[in-house]
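# Close look at the chain arrangement
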Amino acid sequence: MGTLNDKPELAEAIIRCERGQVRSKDGTPIGYRQLGSGPGLVILHGAMESSTSHLELAAMLAASYRVIMPDRRGRGSSGPYRSDTVAAAEVEDLEALLSATGARFFFGVSAGATIGLHAARSLPGIDKAALYEPALSIDGSLPAGFLARFDREMASGRVAAALVTGMKGARMGPPVFNLLPRGLLEGLTKAAMKKEDRSADPGTVTMRQLAPTLHYDFRLVLDSEAALGSFAEIRRPVLLLGGSDSPAYLKTALARLEAVLPQLAGRVEFPGLGHGGSGNADRGGRPAVVAAELARFFV
């Protein structure tokens, strides 16, 4: 992944960021970065990400918006999860952030977009929500069986094995991923973690540190399947975004949401992008095309 010396644009964006912290309803601290000026726009990251995962997108929007990028629970400058009631806790975290910053616009990615659905249904503080591929299981489209294996591997300290289980379960790897022997995948993942541990810049939230949070992201995805019908209660404009190269179950979720949401502002599929399409370029994102769509929506 390199260091910030290899990514001067990201280094500059980090330097320009202000830092802040709010307290959620249960007292958990939620840290965030803030960049730019104008109407407040919260960017809520997805799984295996942190507040720096969308810095390039934030920098592109900062001339027109005050972009707020929190570390979700368990990551970076935020406190830990306290139970498996993930959706309720993270909606409370977002509520505290909206109240403290006055932000009225929301952009969520993957699990962050799933939290956004729950929040848009229950919180009055969101005027508009753009959602990039909410992570939802529809009619069992994401089987739950892998989570038990993931938890066992994490409990036994086999972090690389757990990450491979998570990637396979969430179908996030490239097609060749499914052709490689599992032992080889675990070895490659272990080597990548060791390299990142050695070279990561101070403050970087590494794969090893993020791995335990996958339990909560998977729990959020699986538990939210039963909430699909309740999203018809959302009474604010919602823009659905996704990539043409993303897993089929995420496209299924977008299609079902498209049919359910009463104030749908549109659905956009970006050609050639995958699930990480809104993130930093070094993670396969093309933030400029996503930023242009968000700027059209948040007016």
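Here the structure is shown first, and the text comes after it.
Let me begin by describing the structure that accompanies this report. (Residues numbered from 1 in each chain as written. Predicted model: local features only at pLDDT ≥ 70, side-chain atom pairs only at ≥ 80, totals over all residues. Heavy atoms only, no water.)

## Some words on a positive patch on the surface
Here is the rule we go by: The patches reported here contain residues having more than 30% relative accessible area and no salt bridge. Joining distances are 9 Å for like charges and 5 Å for nonpolar side chains (Val, Leu, Ile, Met, Phe, Trp, Tyr). Exposure was quantified through the Shrake-Rupley algorithm and a 1.4 Å probe, taking into account, for residues, occlusion by the shown protein chains and nothing else. Within this document, salt bridges are pairs made up of a side-chain nitrogen of Lys or Arg and a carboxyl oxygen of Asp or Glu, the two lying within 4 Å of each other. The charged-residue count follows a simple rule in which Lys and Arg add positive charge and Asp and Glu add negative charge, with His and chain termini not counted at all. A charge is said to be at NZ when it belongs to Lys, at CZ for Arg, at CG for Asp and at CD for Glu. In this text, helices come from DSSP runs of H or I with a minimum length of four residues, and strands from runs of E with a minimum of two, each type numbered from the N-terminal end. Working definition: with a 1.4 Å probe on protein chains only, accessible area under 20% of the residue-type maximum means buried, over 50% means exposed, and in between means partly exposed.
There is a patch of like positive charges on the surface, built from Lys190, Lys194, Lys195 and Arg198. By the element assignment, Arg198 lies in helix α7 (residues 182–199). Take Arg198: its relative accessible area is 66%, and that puts it in the exposed class.

## Concerning the packing of aromatic side chains
Which entries qualify depends on this criterion: Working definition: rings of Phe, Tyr and Trp (its six-membered ring) pair if their centres are within 6.5 Å, and the pair is stacked with planes under 30 degrees apart, edge-to-face with planes over 60 apart, and tilted otherwise. Whether a charge sits over a ring comes down to the Lys NZ or Arg CZ being within 6 Å of the ring centre and within 35 degrees of the ring normal.
Under the criterion given, the structure shown has seven aromatic pairs. Between Tyr132 and Phe270, the aromatic rings sit 6.4 Å apart at their centres with planes inclined by 10 degrees, giving stacked as the arrangement. Placement of the pair is Tyr132 in strand β6 (residues 128–132) and Phe270 in strand β8 (residues 264–270), with a sequence separation of 138 residues. Judged by centre distance (4.8 Å) and plane angle (85 degrees), the ring pair of Phe146 and Phe218 falls under edge-to-face. Highlighted residues: Phe146 in helix α5 (residues 146–155) and Phe218 in helix α9 (residues 214–223), separated in sequence by 72 residues. For the residue pair Phe146 and Phe218, the accessibility class agrees, reading buried in each case. Its end group placed over the ring of Phe297, Lys128 keeps NZ or CZ at 5.1 Å from the ring centre.

## Considerations on empty space enclosed by the protein
Where empty space is left in the structure can be found by rolling a water-sized probe over the atoms. For the record, the criterion: Grid spacing is 1 Å over the protein atoms alone, the probe is 1.4 Å, and a cavity is where that probe fits but cannot get out, while a pocket is an open set with protein on both sides within 12 Å along at least five of seven lines and lining residues have an atom within 4 Å of a point. Grid points are joined across faces, edges and corners, and a volume is the space filled by probe spheres set on the points. Each residue gets one label: Ala, Val, Leu, Ile, Met, Phe, Trp, Tyr, Cys and Pro are nonpolar, Asp, Glu, Lys and Arg are charged, and the others, such as Gly, are polar.
Here the structure, examined in full by the defined rule, presents one cavity of 30 Å³ or more. Contributing to the lining of the largest cavity are Ile30, Leu44, Pro70, Asp71, Arg72, Arg73, Glu90, Asp93, Leu94, Leu97 and Ile115. For the lining of the largest cavity, a count of residues per class yields six nonpolar, no polar and five charged.

## Considerations on the side chain of Arg75
In plain terms, the rule: We define a polar contact as two N or O atoms separated by no more than 3.5 Å, with the added condition that, inside protein, one atom must be a possible hydrogen donor and the other a possible acceptor, whereas residues neighbouring each other in sequence contribute only through side-chain atom pairs. Contacts were defined at the residue level, with two residues in contact if any of their heavy atoms lie within 4.5 Å.
Position of Arg75 relative to the elements: it lies in the loop between β4 (66–70) and α3 (86–101). Residue class for Arg75 comes out buried when judged on its relative accessible area of 1%. Of the polar contacts made by the side chain of Arg75, one reaches the backbone oxygen of Glu49; its length is 3.5 Å. With residues near it in sequence (within four places) discarded, Arg75 still touches His45, Glu49, Tyr81, Leu210, Thr213 and Asp217.

## Considering the side chain of Ser78
Following the sequence through the fold, Ser78 ends up in the loop between β4 and α3. For Ser78, the side chain forms a polar contact with the main-chain oxygen of Asp71, separated by 2.5 Å. With residues up to four places along the chain from it excluded, the contact list for Ser78 reads Pro29, Ile30, Gly31, Asp71, Arg72 and Arg73.

## Points about the packing of α5 against helix α6 (residues 159–170)
To keep things clear, this is the line we draw: Note on geometry: axes are lines fitted to C-alpha atoms, helical ones only across the stretch in contact, with angles between N-to-C directions running from 0 to 180 degrees. Throughout, the term roughly parallel applies to angles under 35 degrees, roughly antiparallel to angles over 145, roughly perpendicular to angles from 65 to 115, and oblique to all others. By convention, the crossing between two helices is left-handed when the near helix turns anticlockwise from the far helix through less than a right angle, and right-handed when the turn is clockwise.
In the contact formed by α5 and α6, the axes pass within 8 Å of each other and the chain directions differ by 165 degrees. Classified by the angle between their axes, α5 and α6 sit roughly antiparallel to one another. Of the two elements, α5 crosses α6, and the hand of that crossing is left-handed. In this structure, α5 contributes Phe146, Arg149, Phe150, Glu153 and Met154 to the contact, and α6 contributes Val159, Ala161, Ala162, Thr165, Gly166, Gly169 and Ala170. Partitioning the contact of α5 with α6 into residue classes produces seven nonpolar, three polar and two charged.

## Points about the pattern of salt bridges
Tallying each qualifying case throughout the model produces 17 salt bridges. In this structure, Arg73 and Asp26 form a salt bridge, with 2.9 Å as the shortest nitrogen-oxygen distance. With Arg73 in the loop between β4 and α3 and Asp26 in the loop between β1 (18–23) and β2 (29–35), this pair connects stretches of sequence that are 47 residues apart. On the accessibility criterion, Arg73 (1% relative accessible area) is buried.

## Structural notes on helix α11 (residues 287–297)
Worth spelling out the cut-off: The arc in question is the one spanned by the directions pointing from the helix axis to the C-beta atoms.
Every buried residue of α11 is accounted for by Pro287, Val290, Ala291, Glu293, Leu294 and Phe297. The buried residues of α11 occupy an angular sector of 165 degrees when projected down its axis, which confines them to one face. Buried residues along α11 sit in contact with α2 (55–61), β5 (105–109), β6, β7 (238–243) and β8.

## Some details on α5
Of all the positions in α5, only Phe146, Leu147, Phe150, Glu153 and Met154 are classed as buried. The arc that holds the buried residues of α5, viewed along the axis, is 125 degrees, so those residues lie on one side. Turned more than 90 degrees off the buried face of α5, the exposed positions are Arg152 and Ala155. Buried-residue contacts for α5 involve α6, α7 and α9. Of the residues flanking the end of α5, it is Gly157, one or two places downstream, whose phi is positive at about 80 degrees.

From the geometry alone we can't say anything about function, so treat these as descriptive.
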